[in-house]
Structure formats: structure tokens, C-alpha cells
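# Observations on chain architecture
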Amino acid sequence: MLQADVKQQLQAIVGQEYVKDDPQSLVTHSYDGTPMLQTLPDCVVYPADTAQVAGVMKVLSRHRIPLVSRGSGTNLCGGTVPIEGGVVLVMHRMNKILEVDLENLTATVQPGLITKSFIAHVESLGLFYPPDPSSMAISTIGGNIAECSGGLRGLKYGTTKDYVIGLEAVLASGEVIKTGGKLMKDVAGYDLTKLLVGSEGTLAVITEATLRLIPPPKAKKTMLAMYKDIYAAARTVSKVIENRIIPATLEFLDNPTIRVVDDFAKLGLPLDMAAILLIEQDGDLETVERDIARIEAICREEQAARVTVAASEEEALKLLTARRSAFTALARLRPTTILEDATVPRSKIADMVLEINRIADKYNVTICTFGHAGDGNLHPTATTDARDQEEVHRVEAAFAEIFEAAISLGGTITGEHGVGLVKSPFLEWKIGPAGIEVMKAIKLAFDPHNLLNPGKVFAKESRKRVVIDRG
């Protein structure tokens, strides 16, 4: 619990009703989308604007009280679990679209705005905001920025970092900074905008964002390609890109995921396929039709057992919704679902899936794999039971080996979920000791007293590298 005088100071800033330390509020904000992680904060605060965030931060800075800023808590790396107590700053009151600038094709928004609501508003104006994380129905723009969220459209359009062109943020001292703006060119000093995107709340509290918008595609088509051979599916991915075709969406589902998704969404998918590719192309109608025809030909050249093109927008939406629901479908199988992400070069997709399957067999655990094949980002997902500590230990060992396998194939430990608490012991595997020290120096410059989301990104001790025995 906070000291009474600190609580009173916070209440004076945001209002008595927006400072909560009742058991329900503390428990509600003690966990996020990551399984098996929970720590109670001392207090939950709901600011209404940047001035209130700055005021709260100044109080906490004086008293050296840690703060975790939070949106909807959908992240999967333990990023918003308040492991050192302190204050959880919930941004949901700051949920406005402040401006849509049609002359500059930008939008200025507050961090608590729900992603899907923002996308719907922008599309109603005839514009397009491409980042589309699977959690967009409940995740916030601020959370997307903190984690540099990806999504199904990342291959063609990029991720959140490619659309954030300006930020307003509050430092650990309570000072307010502004970075970037409605500019297509700006090289005045270090790019603090890009530094804050993906910083996971460890450098500053984002209070406003200026986002780049683009014209929407005029047409789109969606297709499914089904394979008996996982290597044939992987070769198709490489061949499509090699032919200078960049689809809007190029998703991969392995056989266990196909079975679960079909049971959940009732699509009538063939359950004897080793892999399915979900492919969408958009753009002008002539280009879309040409690309889809060429992609279909490539799929058949690479021995796809079946290729179907969605006959209507409703059918296409159903297919995309089914892919977005893969995690939800898998979560029905066992009490605990651990969704991870690892990224490899596109050409290594099949090798990585086979490694995941080998590792799952080695540790006798169930792991289904789906993900963004076009950009090499896979989501190996373990279904388990947190009450079975022996099985959970095997799952954790399996994922450690999966991360090592990704790195050995030229990949990385996380493509879009972030480091947070869960991946921090593995970060040194990817960036090395010198990289860790550079990042720590940046953290120290922004947050000298380690008040912002402490305990995240930097592990107290790095994990020992796994020695992979491929038998």
C-alpha cells in the first residue's frame, strides 16, 4: 500500500475516484495476457491527460515509487505485470482521436484508444491504417506502440513503427517531451520517436501519438493453398517473394493448428494437410487479379494439393477471422496456453517448423505452430496445465531450445511480442553483452532511478545458451 500522503497527492492530481487500492482493482491489474505471472501493485491510477500523467510521475519520482503504464494488458511477455509493486497507470481515460488531418494524411490520438475503433474511424473517412495485431479488438494504440505490434499485414505494409511519426511522452522526472511530427523528413538529432516505439514502457510514458495514414487499397482477394508436404508450403513462400510479389497477408498454419481452428470456426478444412497458407493480396483490381493468378500458379507448381480463392468478401473475412482466432481456438484445449514468437528468415520457415516439432517430441509436450510466414514470424503455442509443474518445466525447456534454434537459423527470440519479463533472460543470446550494455546506458539516461517498468527487458541473470542435440 502507498503511504497516505502519497495517495493524497495522487488524488489531488487525478481526482479521488481515479486512485484505487481496493482488492478488486489491485488484482485486476496484477496480470496481463501472459500465463502464470501475477504480482499485486500498491495502487492503480487513471489519468485524464498529459498534465496529470506528468504530475503523477513527479510525485512518484520524488518518492522513488515504480510505475507501470498499461493499456488493455493483452501483451504476452509479462510486460505489464508490476513485479516490483508500485503504481499501475491505466491509460483508458485517454482514449480520444484528437485530430485526423486530411491534408497531411495523419491522425493524432491518445494512447488509450482501442486499435480496432481507430481503424474503423479512419476507414470511414476513406483512409487506411495498416497495423493489425490479432488483439486489435481490445488492445490500445499506446500498447501497440510500446510493444511495436505487428500483425497479419506486416509483410506488405510494415508494423507499428512504420506508422508512428511523432510522440508526446512523459519522462521519469515528470518532464514532457515531443518527438517528430507531421513530417515526412526529419533528421534533427537522434530519432527518439523510433527509440520509444517498442521500448515497452521502460523509457517514458507515451501520452499522444501522431500516426501516418495511407489511401486504402481498391480491391483485395483471399486464397487458401493446402499442402501435404510442409517443405512445399515453405518453398511456395520463398517462390512468391522471389517472383517480386509482396502479398498483403501470407499466413501459415501447421496440421495441429488446422485441426483446432477448423473445430473452432467450422470451415470444413481438410484435416490431412501438413500445412495451409492463407494468402491475401490487395491493391488496384488489375494488379490483384494478376498477382493472385500468379500466386495460384506458383502454389500448384510447388505441389499444393488444393488451391481455393474466396468467392466473396464474406468468405474471405471468415478465413481471416479464423486465422486471427487461432490462439483462442488453441486456448480451449488445456487450462494454460503459452503463445510464443520467434522469427527466422523466410527461407528457413520449414526448417524452423521441423525444429519446433522435433523439440516438442523431445520434451514430450504439445506445441502447435502458426504465424506470419511471409515475414518469417512463427508462433509456436504450447497447450499445458500450470498446475502440472513438471510438465510446465518441460515446456519452458522446450521454448528455450526453440529460441536457440531460431537464432542458429539466423533469426531472433521475438518478432513482435517483445522482451518484457519472459524473454529477458534470452536477450543476450541475440544482441550480445555489448548490446546489453548499450541498452542499459540508454535506460539510465532516460530513467536514472529505474522507476519505469522496472525488471523488464534486462534480466538479473542471462540464461546459459542451449546446446542443441539434433540426434
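The paragraphs below set out a description of the structure included in this document. (Residues numbered from 1 in each chain as written. Predicted model: local features only at pLDDT ≥ 70, side-chain atom pairs only at ≥ 80, totals over all residues. Heavy atoms only, no water.)

### Thoughts on the side chain of Thr34
- With respect to the secondary-structure elements, Thr34 resides in the loop between helix H2 (23-28) and strand E2 (43-45).
- A relative accessible area of 7% means that Thr34 is categorised as buried.
- Engagement of the side chain of Thr34 in a polar contact is seen with the backbone oxygen of Asn75, the distance being 3.4 Å.
- From its side chain, Thr34 meets the backbone nitrogen of Gly78 in a polar contact 2.6 Å long. (Helix = DSSP H or I, 4+ residues; strand = E, 2+ residues; numbered from the N terminus. Buried < 20%, exposed > 50% of the residue type's maximum accessible area, 1.4 Å probe, protein only. Polar contact = N/O pair within 3.5 Å; in protein donor to acceptor, adjacent residues only side chain to side chain.)

### Some thoughts on helix H9 (residues 255-265)
- Restricting attention to buried positions, one finds in H9 the residues Asn255, Thr257, Ile258, Val260, Val261 and Asp262.
- Those residues of H9 hidden inside the fold are in contact with strand E11 (249-254), strand E12 (275-283), helix H11 (313-324), helix H12 (326-330) and strand E16 (366-372).
- After H9 finishes, the residue Lys266 shows a positive phi value of roughly 55 degrees. (Contact = heavy atoms within 4.5 Å.)

### Some remarks on the nonpolar core
- Formed by 61 residues in total, the largest nonpolar core has its most connected members in Tyr227, Phe252, Leu277, Cys299, Met352 and Ile367.
- Broken down by element, the residue count for this core peaks at nine residues, all from helix H14 (residues 389-408).
- Dropping the residues within four chain positions of it, Leu277 is found in contact with Met223, Leu224, Ala225, Tyr227, Ala233, Thr236, Val237, Leu250, Glu251 and Phe252. (Core = buried A, V, L, I, M, F, W, Y, C linked by side-chain atoms within 4.5 Å.)

### As for the packing of helix H13 (residues 349-363) against H14
- For the pair H13 and H14, the least separation of the axes is 9 Å and the interaxial angle reads 155 degrees. Judged by the angle between their axes, H13 and H14 are roughly antiparallel. Seen from above, H13 lies across H14 with right-handed handedness. The residues of H14 that touch H13, namely those facing Met352, Glu355, Ile356, Arg358, Ile359, Lys362 and Tyr363, are Arg394, Ala397, Ala398, Glu401, Ile402, Ala405 and Ala406.
- Of the residues belonging to the contact of H13 with H14, the class tally is nine nonpolar, no polar and five charged. (Axes fitted to C-alpha atoms, helices over the stretch in contact; angles between N-to-C directions. Parallel < 35°, antiparallel > 145°, perpendicular 65-115°, else oblique. Left-handed = near helix turned anticlockwise from the far one by under 90°. Nonpolar A, V, L, I, M, F, W, Y, C, P; charged D, E, K, R; others polar.)

### Quick look at the packing of aromatic side chains
- For the structure shown, the criterion picks out six aromatic pairs.
- Summarising the aromatic geometry, the rings of Phe403 and Phe426 are spaced 4.9 Å apart at their centres and angled 70 degrees between planes, so their arrangement reads as edge-to-face. With Phe403 in helix H14 and Phe426 in the loop between H14 and helix H15 (427-446), this residue pair connects regions lying 23 residues apart in the sequence.
- The class for Phe426 is buried, based on a relative accessible area of 5%.
- Grouping aromatic residues by their ring pairs yields a cluster made of Phe399, Phe403, Phe426 and Trp429.
- Directly above the ring of Tyr18 sits Arg93, whose terminal nitrogen or CZ lies 3.4 Å from the centroid. (Phe/Tyr/Trp six-rings, centres within 6.5 Å; stacked < 30°, edge-to-face > 60°. Lys NZ or Arg CZ within 6 Å of the ring centre and 35° of its normal.)

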